[in-house]
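Examining the three-dimensional arrangement
Letter by letter, the chains look like this.
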Amino acid sequence: MVIDLWMQHPTLRFLRHDMFESLRRWTGMTVPEAEPPIELTVRAMDEAGVSFGLLSAWHGPEGPLISNEEVAGWVAAHPDRFAGLAAVDIRKPMEAVRELRRCVTELGFKGLRVLPWLWEAPPTDRRYYPLYAACVELGVPFFTQVGHTGPLRPSETGRPIPYIDQVALDFPELVIVGGHIGYPWTEEMVAVARKHENVYIDTSAYTAERYPPELVRYMKTRGGRRKVLFGSNYPMLFPGRALEGLAAHDLDEETRALFLHGNAQRLLGLPASGGEG
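A few points on the structure.

The rules we used
- Residues numbered from 1 in each chain as written.
- Predicted model: local features only at pLDDT ≥ 70, side-chain atom pairs only at ≥ 80, totals over all residues.
- Heavy atoms only, no water.
- Helix = DSSP H or I, 4+ residues; strand = E, 2+ residues; numbered from the N terminus.
- Expected span 1.5 Å × (residues − 1).
- Buried < 20%, exposed > 50% of the residue type's maximum accessible area, 1.4 Å probe, protein only.
- Arc of directions from axis to C-beta.
- Axes fitted to C-alpha atoms, helices over the stretch in contact; angles between N-to-C directions.
- Parallel < 35°, antiparallel > 145°, perpendicular 65-115°, else oblique.
- Left-handed = near helix turned anticlockwise from the far one by under 90°.
- Contact = heavy atoms within 4.5 Å.
- Salt bridge = Lys/Arg side-chain N within 4 Å of Asp/Glu carboxyl O.

1. As for helix α5 (residues 93-105)
The periodicity of an α-helix, 3.6 residues per turn, causes residues three or four positions apart to be oriented the same way. Taking 1.5 Å per residue, 13 residues should reach 18 Å; α5 reaches 18 Å between its end C-alpha atoms and fits that length. For α5, the set of buried residues is A96, V97, L100, C103 and V104. Taken down its axis, α5 places every buried residue within 130° of arc, on the same side.

See the structure below:
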């Protein structure tokens, strides 16, 4: 079983945005003429052996590139394959908190995802803090990107130290999942995950063959095997491609199972089947 923690089903307004020009150049991705059907994402999962995925909304300063309502519709169409992550406008903290609560309590979303580079505001910005409190109250994780920024935006906001470290100190009950490994500050991200009980790492945006050695070493430790989770960053990186080279890391059976699905099931309260049951 495989659970993909970092996916987005793209809309045309998402795919066409100029900030993704660098990713289109790297990946050779072309923009389709029509809205991609959700069945394309399901097919990519099937081809990779992915049982379940978290689909995230995208909300930036220009508005929603993928709305919470669109994500809810895709989850409703395939409830055994997907759950949702909310995205909100951090410039309006109270509206953002209310929207997060609605997404979790009414739509059944599993958490909140905010990309600091999208707002050019690090995770220690005061506007995040009401959302952190709401995540703790709702019992859902906060997902964010750590490491450098592939899209054409500054990377500074992705530093694990001081930003993730400080948030974990201020909100020790908050479950934080740092996506995209944290490269080129992988050692910082590992140190923060080792230091804080509720800080985790997901491997989205990297193929297994490109995992930094310090991350693989951490995955093989007693504590680290429970702190690293699989993510792809679909559609920028398809899950089948993201999993290539995993066998070369020689993970034992327990570590591999925790990485591919066990840690996600524990964090999100998913049943053994991966889906909503």
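2. Details of the packing of helix α8 (residues 160-170) against helix α9 (residues 186-195)
Packing of α8 against α9 brings their axes to within 9 Å, and their N-to-C directions diverge by 15°. Comparing their axes, α9 and α8 come out roughly parallel. Crossing geometry of α8 relative to α9 is assigned as right-handed. Between α8 and α9, the residues in contact are P160, I161, I164 and D165 and E188, M189, V192 and K195, respectively.

3. Observations concerning the pattern of salt bridges
Counted by the stated rule, this structure contains 13 salt bridges. Put simply, E188 and R159 hold a salt bridge, and the shortest N to O gap is 2.4 Å. Of this pair, E188 sits in helix α9 while R159 sits in the loop between β7 (142-145) and α8, and the two are 29 residues apart along the sequence. By relative accessible area, which is 18% here, E188 ends up buried. Given the relative accessible area of 23%, R159 is considered partly exposed. Here R225 and D252 are joined by a salt bridge, their closest N and O atoms 3.4 Å apart. Of this pair, R225 sits in the loop between α10 (213-219) and β10 (228-229) while D252 sits in the loop between α11 (239-242) and α12 (253-268), and the two are 27 residues apart along the sequence. Relative accessible area serves as the criterion here: at 17%, R225 is assigned to the buried category. By sharing partners, the salt bridges in this structure join E69, E99 and R102 into a single network.

Coordinates in, geometry out; function isn't part of it.
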